[in-house]
Amino acid sequence: MALFKMILRKMAKNKLFILILAVGLMISAALLSAIPMYADGSLNRMLVKDLENMQQTGNVYPGTLLISYIPSDNKVSQAIIDKKPVGSIFKNDTILGLFAQRLDTFRKVDDYARNEVLPKTGIGAVANYALYKTNSRKLTGLTAPVPNSETCTLDSLTGLVQHIKLVSGRLPTKASNGVYEVLVTDSALAHLNVSLGETYVISDFQKNGFADIRVKPVGSFTVKSASDPYWSYFTPDSLMDGFILDEQEMKADFINRQPTQIYSARWYYAMDYHAINLYNASGYLSGVSQVQGDIAGISRDASTVTPASSVIVQNYFGQRTQLTTMMWSLNVPVIAVLCLYMFMISMLIIERERNEISLLSSRGAGRVQIAAGYLIEGLLLGAVAMVFGPLLGYLICRALGSSNEFLQFVNRQALPIRIIPLCFIYTLLAVTFFLAALIIPSIRAGGSTILEHKRVVGRRKETSWWEKLFIDIVLLAVALYGYYSFVQRQKILISTSAAASQFSIDPLLFLVPVIFIFGVSLLFLRVYPYLVKLIFWLGRRRWRSPVYLAVTQVGRSPRSYDFLMIFLVLTISIGIFSAISARTINENEQEKVYYSNGADIVLQPTWQVIPGSSESTVSATAGSSASPGTVIQQVTKDTYIEPDYSKFTSLAGVQHAAKVFLEDSISMSYKSSTASGISLMGLEPYDFGQVAWYQNGLLPHHINEYLNLLTSEPSACLISQSVSNAYGIKVGDSITVSWQANTQVVLNVYGIVGYWPSWNPNKDASDTSNSGSGQPKLIVANLGYIQNLIGVEPYQVWIKLKPAATSKAFYDSITKNGMGGIFFQEFLNSRQQVIEQKSSPFLMGINGSLTMGFLISGIICFLGFVLFWVISLRTRLLQFGVLRAMGLSSGQLRSMIIWEQLLTSGVAVVMGLLAGFLTSDIFVPFFQMSFNSASQVPPFHIVFEPGDIWKVLIFVGITLLTGIGVLIYMLSRIKMSNVIKLGED
């Protein structure tokens, strides 16, 4: 108890120090707890989004679980043949027994479906019902036959009234005088030729012995809401041959009475797929599987249609592993900073209290007692981190979800973040590491007395342990080996065009750069003392007192600044690396979208076609191998009706539009060679140059120069490098192309290109459709020339939007202004795809983790910076007092501190910049290994945005200036007259 009180008094005496230490530990715990929290939220969002897309695009509710019971009539039919009953079949005991078995089986399935399904799957249902049906019966009027009468059934649906709206009539009441009041769908009135308020007879036309049923339709209905999951499987149209009876009456009078009239039963569940998450997904799948097995075990006539969501949920587990690995990988740099921070702070605490520890050891305190004191202090701080760390981690995850790019946040729908048990385990790991980093040095320090400690302090350390062990060289060697491994793997991916999983981040992509930064930092610290000596030698005769004292102080004890400088180098270099990594990944993915589509908007209108309605001829062109005007071929072909092109150019937000004709499979002949499977693009050069997205540098010349070549001659064409390499075609040669029923067209080669908007020159190894044709091949020609020769065929419309135009305004213009009956086979919106891409959990994870990782490391750096100098100031109070007593003014003393900061922190910032740019230049290109090498067009390249670097520098600058301001304020508060005391050495 006495030890506990002593620890509390010590902590109360150093409130500011303990507060900063607690905040740093809490942030460390928060980041670690945020990793599983964000992975959980991202996966849940990804899963729900995939399921929602399935519902929207496939028009299938993903949570549909359907149990069916349709009893077989085989045994009954065979019994009728064997027993040959006269009149009603139910006069035979064997047949009655079969119907009794049918009822017993129905009850078992019904009881299971109603009571066991939801508990076994572990999630709720947004809608569910049981649909019971009799067999088909003959429909007649009470007094006269129904015109054009149809067969009908008697049905019941659980909870129907809550999901319908009456079109006419009223809701049914209880049966009266043997007449059952029923509902019908609005379409059933016409289909069955019945009227509301009339009484009808449903009779067994097979004359098996079922009694006639009198029904009176009293109301017709339609669905209350088309989006109601209740109607996601059965719609009112599927009930157009049935009369809907109250479920209780159905069960009491027609199912439970012998002989049962149940012909089929279905139990439908619209499972709440929004409730599926990281922890219940496995139980959900196993529950669905168990339901399948149980239903099959009850009866062969019962079956289960499993939810369409099962396949997506199954894939979810692989994505969970991938995303969790990515989260750890992305946070490797900041985790390294956090570990270094906790280790540095622990060492500073021990060094700061070394005198006190040695004094306690001299007075008989053992190592266990000393370690116990620090254990109590660490546990108190750890308890604060355990309580508030996950809460802060929750806020971090919310911020991660709104990250759009590096250090850029937008207002978007929040991730479904929740604090899960795994968060506390990760928090406990952070606290455990801190306790170990605090207790182990305290045990070592507790073994020396005060005399031994003073003797050690008096000795000057020339080299540190990592210098003797050449840790810096070892780390650089490991990093270089990682670089070599990356190079070899990249060569394999490029040579084989191997498909990689999208955003499958290799953990080494972040671990190796951190190792490299550590190695460079330690190598710099090895050289740093010599740099300080050089600075001292260059200015020793010219410097004023503050500068001289600062250089002398740093030069005499350079190793005391190691942790601080590594801290700063890591923060700056990791910030630079994070900024360039995030910008590079984002820009490359955006460029891939725009290049793949070709323009902001790509439309493929649906054209009307008149089959075989025209004949086409073509003449040879000037400069070709055939004589001009010679008819090469005459064919009968389809005629297409072209949509009104002016409607596309008049849509809201359109800056320019272009016609682009695409034919993916044409035949080409050159001299004696022929080839097929080549793509043809027909375009109008000027319009195409106004709308097409293209990255400069992909071709030897600007794309407009190639378009000018097409403008210079109608028959001019461009061919891809793959066409030239495969057939030896050069500029100036002539080729002949044809496709489908069209005539041959002669083109003259004016240029060779390696890339072209929307055309991928890489062959995807996973695509076997082009396996026999080698690399993809392309020919680009003038659209007007092609249309003059073969007529107008369906083309795409490429649109460039105005910079301020919005997709919503463009869509509204299509619907409001009307397109004259024009429909679209394809509709691509590059801007919208980029927005959706940035909203994906993977890119959000990359942007958010890199952003928050840098911010947290910056905050930790600030806290470590302040703690380092607070402890340093307190240990150097005597030195400051002596300097003041020797005549150094307070302004000169502050100037000395500032120069000391420049020689340590300033140099570390410069070194951090160099290390960050060097690391980015070496390792960022390897991110392309995480993407499909075949789909990565344009080629992966490093994107450097000066604005990102300025954000890093401004943030670090504010951190350092704030820290220096705190130090100067603390220095001004010190009373130097109280510092110098008799007996101080």
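Within every chain, residues take consecutive numbers counted from 1 along the sequence as written. Only residues with pLDDT of 70 or above have their local features reported here, since the model is predicted, and side-chain atom pairs are shown and tallied only from 80 upward, although totals for entire chains, interfaces and linings are computed over all residues. For side-chain calculations, the full set of non-hydrogen atoms in the structure is used, while hydrogens and water are omitted.

Asks: Honestly, the pattern of salt bridges in this entry has me stumped. Any pointers?
Replies: Opposite charge on two side chains allows them to pair when their charged atoms are near. One side-chain nitrogen of Lys or Arg within 4 Å of one carboxyl oxygen of Asp or Glu is enough to make a salt bridge. Under the defined criterion, the tally for this structure stands at 13 salt bridges. One salt bridge in this structure joins lysine 592 and glutamate 589, with 3.4 Å as the shortest N-O distance. Remark: glutamate 589 and lysine 592 occur in helix 19 (residues 562-597); sequence separation between them is 3 residues, near one turn of the helix. The two residues lysine 592 and glutamate 589 agree in class, both being buried. Look at the salt bridges and you will find they share partners, linking Asp110, Arg114, Glu247 and Lys251 into a network. Helix numbering and strand numbering both begin at the N terminus, where a helix is a DSSP run of H or I of at least 4 residues and a strand a DSSP run of E of at least 2. A 1.4 Å probe rolled over the protein chains alone gives each residue an accessible area, and that area as a share of the maximum for its type sets the label: buried under 20%, exposed over 50%, partly exposed in between.

Asks: How do you make sense of the nonpolar core when you look at a structure like this?
Replies: Nonpolar side chains in soluble globular proteins tend to be buried together. Tyr341, Ile345, Leu381, Leu570, Ile856, Ile860 and Phe865 are the most contacted members of the largest nonpolar core, which totals 133 residues. With 19 residues, the single largest contributor to this core is helix 27 (residues 841-875). When neighbours within four sequence positions are excluded, tyrosine 341 is seen to be in contact with Ile20, Leu21, Gly24, Leu25, Ser28, Phe567, Ile860, Leu863, Gly864 and Leu867. As used here, the term nonpolar core means buried Ala, Val, Leu, Ile, Met, Phe, Trp, Tyr and Cys residues forming a set that is joined through side-chain atoms within 4.5 Å. Any two residues having at least one pair of non-hydrogen atoms within 4.5 Å are treated as being in contact.

Asks: It is not clear to me how the packing of aromatic side chains should be interpreted in this structure. Could you clarify?
Replies: Two aromatic rings are characterised by how far apart their centres lie and by the angle between their planes. Pairing of aromatic rings covers Phe, Tyr and the six-membered ring of Trp, with a centre-to-centre limit of 6.5 Å; geometry is then stacked below 30 degrees between planes, edge-to-face above 60, and tilted otherwise. All chains considered together, the criterion is met by 28 aromatic pairs. Centre to centre, the rings of tyrosine 645 and tyrosine 795 are 6.5 Å apart; their planes meet at 70°, and the pair counts as edge-to-face. With tyrosine 645 in the loop between strand 16 (631-641) and helix 20 (646-649) and tyrosine 795 in the loop between helix 24 (783-790) and strand 23 (796-801), this pair connects stretches of sequence that are 150 residues apart. Taken individually, tyrosine 645 and tyrosine 795 each receive the classification buried, so the pair is uniform in this respect.

Asks: What exactly am I supposed to notice about the packing of helix 19 against helix 30 (residues 946-973) here?
Replies: Axes are the key here: two packed helices are described by the angle between their axes and the distance separating the axes. Every axis in this analysis is a line fitted to C-alpha atoms, fitted for helices over the stretch in contact. Angles between the N-to-C directions lie between 0 and 180 degrees. Packing of helix 19 against helix 30 brings their axes to within 9 Å, and their N-to-C directions diverge by 155°. Comparing the axis directions of helix 19 and helix 30 gives the class roughly antiparallel. Every pair of crossing elements has a handedness; the one defined by helix 19 and helix 30 is right-handed. Between helix 19 and helix 30, the residues in contact are Leu568, Ile572, Gly575, Ile576, Ala579, Ile580 and Arg583 and Asp948, Ile949, Val952, Val956 and Leu960, respectively. Nonpolar residues are Ala, Val, Leu, Ile, Met, Phe, Trp, Tyr, Cys and Pro. Charged residues are Asp, Glu, Lys and Arg, and all others, Gly as well, are polar. Across the contact of helix 19 with helix 30, the residue classes tally to 9 nonpolar, 1 polar and 2 charged. Should an angle lie under 35 degrees it is considered roughly parallel, over 145 roughly antiparallel, and from 65 to 115 roughly perpendicular; all remaining angles are considered oblique. Throughout, a crossing is termed right-handed when the near helix is turned clockwise from the far one, and left-handed when it is turned anticlockwise from it by less than a right angle.

Asks: Help me understand the pairing of strand 23, please; the structure alone is not making it clear to me.
Replies: Two faces, one strand: in a regular strand the side chains alternate between the faces of the sheet. With 5 of 6 residues buried, strand 23 is to be regarded as a mostly interior element. At least two bridges found by DSSP between two strands is the condition for calling them paired. Strand direction decides the pairing type here: strand 14 (residues 601-605) and strand 23, joined by 3 bridges, are antiparallel. Of the residues in strand 23, the one forming a bridge with valine 602 is tryptophan 798.

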